[in-house]
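Secondary and tertiary structure notes
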Amino acid sequence: MAMMSADDPSPDSDDMLALRLRALAHPARLAIVRALAQTERCQCGQIVRGLTLAQSTVSQHLKVLKEAGLITGTIEGPRSCYCLDRDTVATLAGEMLALFACLATTPAEGQDGREAGNEAGNPDARADALV
């Protein structure tokens with residue numbers, strides 16, 4: 001396994017990134033964050049009315065999004081109101097851009113784990129190939 005450079009994210013930041021991506025990895029939760037992104041103010045009952053899901057199901061999805069820090073929630077009397085945490089979403093967007101830039105960048109010669117003479121396209125030819 002390659003050593004981490006100073007530019008690599010910490011395991012804790014990778015854990016948070018994975019938590020947030022898992023939270024977004026459901027069509028209902030994507031619909032919820034899109035609906036919240038359409039308004040500057042918090043939404044209460046409008047979220048449930050905009051989806052074809054039971055109140056309890058929507059509540060569970062909201063809980064997952066809140067635990068990931070993607071939304072904030074407050075209780076106003078008998079209602080819970082939710083807002084998109086735009087700062088967290090902006091941070092997530094930056095982390096995703098950095099991740100995809102890293103994934104799309106070709107490693108410098110000699111830094112890709114291949115030994116001289118190995119076939120370039122054959123992952124089994126690498127000395128550190130995963131089994």
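Worth saying up front: this structure is predicted, and the values here are computed from it rather than measured.

Conventions we followed
Residues numbered from 1 in each chain as written. Predicted model: local features only at pLDDT ≥ 70, side-chain atom pairs only at ≥ 80, totals over all residues. Heavy atoms only, no water. Helix = DSSP H or I, 4+ residues; strand = E, 2+ residues; numbered from the N terminus. Buried < 20%, exposed > 50% of the residue type's maximum accessible area, 1.4 Å probe, protein only. Contact = heavy atoms within 4.5 Å. Areas by Shrake-Rupley, 256 points an atom, 1.4 Å probe, with all protein chains shown as cover. Salt bridge = Lys/Arg side-chain N within 4 Å of Asp/Glu carboxyl O. Expected span 1.5 Å × (residues − 1). Arc of directions from axis to C-beta. Patch = residues over 30% accessible without salt bridge, like charges linked within 9 Å, V, L, I, M, F, W, Y side chains within 5 Å. pLDDT = per-residue confidence, 0-100. Axes fitted to C-alpha atoms, helices over the stretch in contact; angles between N-to-C directions. Parallel < 35°, antiparallel > 145°, perpendicular 65-115°, else oblique. Pairing = 2+ DSSP bridges. Core = buried A, V, L, I, M, F, W, Y, C linked by side-chain atoms within 4.5 Å.

With respect to the overall build of the chain
Counting its secondary structure elements, the chain contains five helices and two strands. For the chain, buried positions account for 21% of its 131 residues. For the chain, contacts bridging at least 24 residues in sequence account for 50% of all contacts bridging at least 6. Carbon and sulfur atoms make up 57% of the accessible area of the chain, which totals about 9,400 Å².

So, the pattern of salt bridges
Counted under the stated rule, the structure contains one salt bridge. The partner of K63 in a salt bridge is E67, and the shortest N-O contact between them spans 3.8 Å. On the criterion of helical spacing, the pair formed by K63 and E67 is a turn pair, its members being four residues apart in helix α4 (residues 55-67).

Notes on helix α5 (residues 86-104)
Taking 1.5 Å of rise per residue, the 19 residues of α5 would be expected to cover 27 Å, and the 27 Å separating its terminal C-alpha atoms lies within 8% of that figure. Among the residues making up α5, those that are buried are T88, L92 and M96. The buried residues of α5 occupy an angular sector of 75° when projected down its axis, which confines them to one face. In α5, the exposed residues that point more than 90 degrees away from the buried face are D87, A90, L97 and A104. Summarising the contacts, the buried residues of α5 are in contact with α1 (11-24).

Things to note about the environment of R20
Mapped onto the elements, R20 comes out in helix α1. Considered as a pair, R20 and T88 are 68 residues apart in the sequence and their alpha carbons are 9.6 Å apart. Beyond its immediate sequence surroundings of up to four residues, R20 is in contact with A68, L70, T88 and L92.

So, a nonpolar patch on the surface
Taken together, the side chains of L99, F100 and L103 make up a nonpolar region of the molecular surface, amounting to roughly 300 Å² of accessible area. Along the chain, L99 falls in helix α5. Residue L99 is classed as partly exposed on the basis of its relative accessible area of 32%.

What to know about the confidence of the model for the chain
Mean pLDDT over the chain stands at 81; residues scoring 70 or higher make up 76%. Note that pLDDT drops below 50 for residues 1-6; the model gives that stretch two contacts with residues more than four away or on any other chain.

Examining the packing of helix α2 (residues 27-37) against α4
Here α2 crosses α4 at 75°, and the two axes come no closer than 10 Å. Considering the angle they form, α2 stands roughly perpendicular to α4. Packed against α2, whose contacting residues are A28, R29, I32 and V33, the element α4 presents V58, H61, L62, V64 and L65 at the interface.

With respect to the pairing of strand β2 (residues 79-84)
The pairing of strand β1 (residues 71-76) with β2 spans six bridges and is antiparallel. Within β2, the residue paired with T72 across the bridge is C83.

A short note on the nonpolar core
Among the nonpolar cores identified, the biggest contains 17 residues, and I32, L36, I47, L62, L65 and I71 are the most heavily contacted of them. Put simply, the parts of the chain that give this core at least two residues each are α1, α2, α4, β2 and α5. Setting aside residues up to four positions removed in sequence, I71 forms contacts with L36, L62, L65, K66, Y82, C83, L84 and D85.

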